[in-house]
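Each chain, written out:
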Amino acid sequence: MGTPKGAVFFSVVGRLYYGFDIYSVKLPPLLPCGDAYTDLTERRLTDGVSVNFNGNFIDETGSLAYVSERTGSARIYQNRPDAKHPKALPSIAGSLFHDRPTVKNGSLYFVSAHEPADQPFKSSCAVYVSSVREQGIVRLTPRGAVDYSPALSRSGELIAVASYGFRPWPGEFHDLQTDIIVFRGSEPEKRTVVCERGGWPTWCGDSTIFFHRKADDGWWSIFRVDLPEIFEAASGDIRKFVEPRRITPSGVHVFTPSASHDGKRIAVATRRQGSEFRHVEIYDTESGSFFKVTEKLNSSFHHYNPFFSPESGLLGYHRFRGESDAEPGELTVPHLEHIISPIKDVKLIRINGYFPSFSPKGDLIATNHEFRGLQILKRDGSKRWTVLKDRMAFQTSWSPTEKGVVYTSVGPIFESSHSAVQIARISFEPADLTDREEIPAEVKTLTKEGSGNNAFPSCSPDGKFLVFRSGRSGHKNLYIIDAVQGETKSEARRLTEGPWTDTMPSWSPDGEIIAFSSNRHNDNPEAYSIYIIRQDGTDLRRVTLAGQESNKERVNHVCFSPDSQWLLFTGNLGGVTAEPVSLPNQFQPYGELFISRLDGSELQRLTWNSYEDGTPAWHPWEPDEVDLEGLSLGIECGEPLRGQFEEPRWITFDV
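Within every chain, residues take consecutive numbers counted from 1 along the sequence as written. Local features are withheld for residues below a pLDDT of 70 in this predicted model, meaning they are given only at 70 or higher, and side-chain atom pairs are given and counted only at 80 or more; totals for whole chains, interfaces and linings count all residues. To get the side-chain values, all heavy atoms of the structure are used, and hydrogens and water are removed first.

Participant: Tell me about the overall build of the chain, and please be specific about residues and values.
Facilitator: The helix and strand tally for the chain stands at three helices and 50 strands. Taking 26 Å as the expected radius of gyration for a compact globule of 655 residues, we find that the chain reaches 26 Å, a close match to that expectation. Counting only C-alpha atoms and orienting by the principal axes, one finds that the chain spans roughly 80 × 50 × 50 Å. Out of the 655 residues belonging to the chain, those deemed buried represent 61%. Residue contacts follow a heavy-atom distance rule, with two residues in contact if any of their heavy atoms lie within 4.5 Å. Put simply, of all contacts in the chain between residues at least 6 apart along the chain, 53% involve residues at least 24 apart. With 71 positive and 86 negative side-chain charges, the chain shows a spacing of 1 Å between the two charge centroids. Note on conventions: DSSP H or I runs of at least 4 residues are helices, E runs of at least 2 residues are strands, and numbering of each starts at the N terminus. Each radius of gyration reported is based on C-alpha atoms, and the globular scaling rule is 2.2 Å times the count of residues to the power 0.38. Classification of residues uses two cut-offs on accessible area relative to the type maximum, computed with a 1.4 Å probe and protein chains only: under 20% is buried, over 50% is exposed, and between them is partly exposed. In this count, Lys and Arg are taken as positive residues and Asp and Glu as negative ones, while His and the chain termini are left out. Charge placement uses NZ in Lys and CZ in Arg. For Asp and Glu, CG and CD serve respectively.

Participant: Before we move on, could you go through the nonpolar core and cite the residues and values that matter?
Facilitator: We define the nonpolar core as a collection of buried residues of types Ala, Val, Leu, Ile, Met, Phe, Trp, Tyr and Cys that are connected through side-chain atoms lying within 4.5 Å of one another. Counting 47 residues, the largest nonpolar core has Tyr148, Ile530, Leu567 and Phe569 as the members making the most contacts within it. Per-element tally for this core: the top contributor is strand S13 (residues 158–165), with four residues. Once you skip the residues sitting within four places of it in the chain, Leu567 turns out to touch Ala515, Ile530, Ile532, Val543, Val558, Cys559, Phe560, Phe594, Ile595, Ser596, Arg597 and Leu598.

Participant: Outline the packing of aromatic side chains, listing residues and values.
Facilitator: Geometry of aromatic contacts follows a simple scheme: Phe, Tyr and Trp rings, the Trp one being its six-membered ring, pair when their centres are within 6.5 Å, and the pair is stacked under 30 degrees between planes, edge-to-face over 60, tilted otherwise. A full pass over the atoms with the stated rule returns 28 aromatic pairs. Considering the side-chain rings of Phe355 and Phe371, the 6.4 Å spacing of their centres and the 50° angle between planes classify their relative orientation as tilted. One end of the pair, Phe355, is in strand S30 (residues 354–358); the other, Phe371, is in the loop between strand S31 (364–369) and strand S32 (372–378), with 16 residues separating them in the sequence. Here Phe355 and Phe371 have matching classes, each one buried. Here Phe358 and Trp621 contribute two aromatic rings whose centre-to-centre distance is 5.9 Å and whose plane-to-plane angle is 65°, an arrangement assigned as edge-to-face. Highlighted residues: Phe358 in strand S30 and Trp621 in the loop between strand S49 (613–619) and helix H2 (628–631), separated in sequence by 263 residues. As far as the burial class goes, Phe358 and Trp621 line up, both buried. Aromatic ring contacts, followed pair by pair, group Tyr18, Phe20, Tyr304, Tyr611 and Phe645 into a single cluster. Against the face of Tyr23 rests Arg319, its NZ or CZ located 3.8 Å from the ring centre. The rule for a charge over a ring is simple: NZ of Lys or CZ of Arg within 6 Å of the ring centre, and within 35 degrees of the ring normal. Over the face of the ring belonging to Tyr479 we find Arg472, whose NZ or CZ atom lies 5.1 Å from the ring centre.

Participant: I'd like a rundown of the pairing of S32, residues and numbers included.
Facilitator: A large share of S32 lies buried, amounting to five of its seven residues. Pairing between S31 and S32: five bridges, direction antiparallel. Bridge pairing in S32 places His369 opposite Arg372. At least two DSSP bridges between two strands are needed for those strands to be called paired. Hairpin connection from S31 to S32: two residues lie between these consecutive antiparallel strands, with Glu370 at a positive phi of about 55°. Alignment of S32 against strand S33 (residues 384–398), held across five bridges, turns out to be antiparallel. By the bridge assignment, Leu374 is partnered in S33 with Leu388. A loop of five residues connects S32 with S33, the two strands running antiparallel in sequence, and Gly381 in this loop sits at a positive phi of about 75°.

Participant: Talk me through the pairing of strand S24 (residues 289–292); I want residue IDs and the actual numbers.
Facilitator: Relative to S24, strand S23 (residues 279–284) runs antiparallel, the two being bridged by four bridges. By the bridge assignment for S24, Glu281 is matched with Lys292.

Participant: Any chance you could break down the pattern of salt bridges for me, citing the residues and the numbers?
Facilitator: By definition here, a salt bridge exists when the distance from a side-chain nitrogen of Lys or Arg to a carboxyl oxygen of Asp or Glu is within 4 Å. Tallied over the entire structure, the rule returns 41 salt bridges. For Asp47, the salt bridge goes to Arg70, with nearest N and O atoms at 2.8 Å. Note that Asp47 is positioned in the loop between strand S3 (42–44) and strand S4 (52–57) and Arg70 in the loop between strand S5 (64–68) and strand S6 (75–79), a separation of 23 residues in sequence. Looking at Arg70, the relative accessible area reads 19%, which means it is buried. With its nearest N and O atoms 2.9 Å apart, the salt bridge here joins Asp217 to Arg246. Of the two residues, Asp217 is situated in the loop between strand S17 (208–214) and strand S18 (220–226) and Arg246 in strand S20 (residues 245–246); the sequence distance between them amounts to 29 residues. Residue classification places Arg246 among the partly exposed residues on the basis of a relative accessible area of 32%.

Shown next as structure tokens:
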């Protein structure tokens, strides 16, 4: 039984297009006469490398602690106004995810997810503190608890978090329904539940906390709690002494607050009806009025997660960097990007496209870029060609025996079993992959017209057959057809049958078994697990990853390691890594990559982030075959960064 090794290529929703940098504006001491700040000057604080987000000011000069992914994982950096380059702050060397940094009284507070959770479907996010000047990191979150979004009080003695406590994740991500918990940094084990259902806390002084919550009328709003005088003696749960008060009105979504030092102003992100963008505004707690900030500066960009400086003279936030303030190379989406892997001999490479598959020699990669057509990419990411244009397509499977043949699904994705989607065989001449960008190809439809939704083809290792998912019976099950003639030669052979969904099949490289995702095991149609079956329909079994919690399992996009000994898939087994309301749209902001043995044992996580990772493929390249330096940024090999991403649809359409 070998150890996992090779190169894993995978896609991610939205992240490649973010191009985030952190910006600030200097605020006048008085609120404007109208409803908007009109004379503000925006200043970019970060350098346009990778994505830079979730900052916090250290002082009034504009010194900044923030998160950047410039080295292939989310790490914490510090920028000073007079420095040319950011400085890495002392976070956790083995962690691939850091978030929400705050520097206070010489210490750095942050979230990390490097210590495994004590059970499946539970986040590993916890709050830590380290000294900016000395070595040593202390975990503040108790073992077994889950904390997000830490905020420090004015004195730095109290910490508020959005927390599940010791509860498991119920599977929700539209509204996490965490609690607001307060503890002293010096006594983190003495935790006080301030109120239920709250996220993204922010302090005014040492006694008032503002936070966001989805109100009973459906609008995300800002609430306030004031700690009682007996707080010093309280422990555990003081909810009978405090009553959260809603302070922002219905009719506008308001979230991710940051309170000014005196509590008179709260910087918030808003999503208003009639607007397509999230903007930063300031809410005056005395008059109950909103004052617009970023809409006047950049009306057509989303703005995220505002934060005040310690004395409230500066307001920061992150947004897409845009063409007006970007240098050459800062607006390029690389075709390939190296990501730090937790497993020594498994290299992780994020690809600008979906459903990658490899040519027989591994020198080319087929993808569906933005679900449009079929593209061919050189292994080093230096060149991309289009072989199928202006047609909706998803899933690729390169014939293991033919260099110029790729199979794909042609038609709309995420549709019913009766929608018209066909399996197509795309043939082209590899010799045509020269300097021109579009390559002629022959498109042959392999499935019958009127046979419903046929998708997710996977080719057998000998190149003779395809397994795919079809909705022709009214339910989505698996079928096998001839890889050259399709259903013109003979009827498709049914592999699975039942009133459920079997989907996303993958043929093992040794040809012995087929893995797929299915919701056949329980009454929750959204819960998918991995199943394995032989091509003759025998030896069907479920791969057990999380014991009896199958009703929560959402495991998809399964494929095999090159030696057929490991499964690679995307799933929700690690819970949620950040508050989803603070992010651009992700269909599944809990989707991370995992591997396991064929029986579900030796489960290991590959990615840690707050994005939706998926559609992976595993190639047997040796580590020294992958030029990681050439893949790290890809400034000269990519496409224009357009900043195209959306608000979470469950915010836009809920009200």
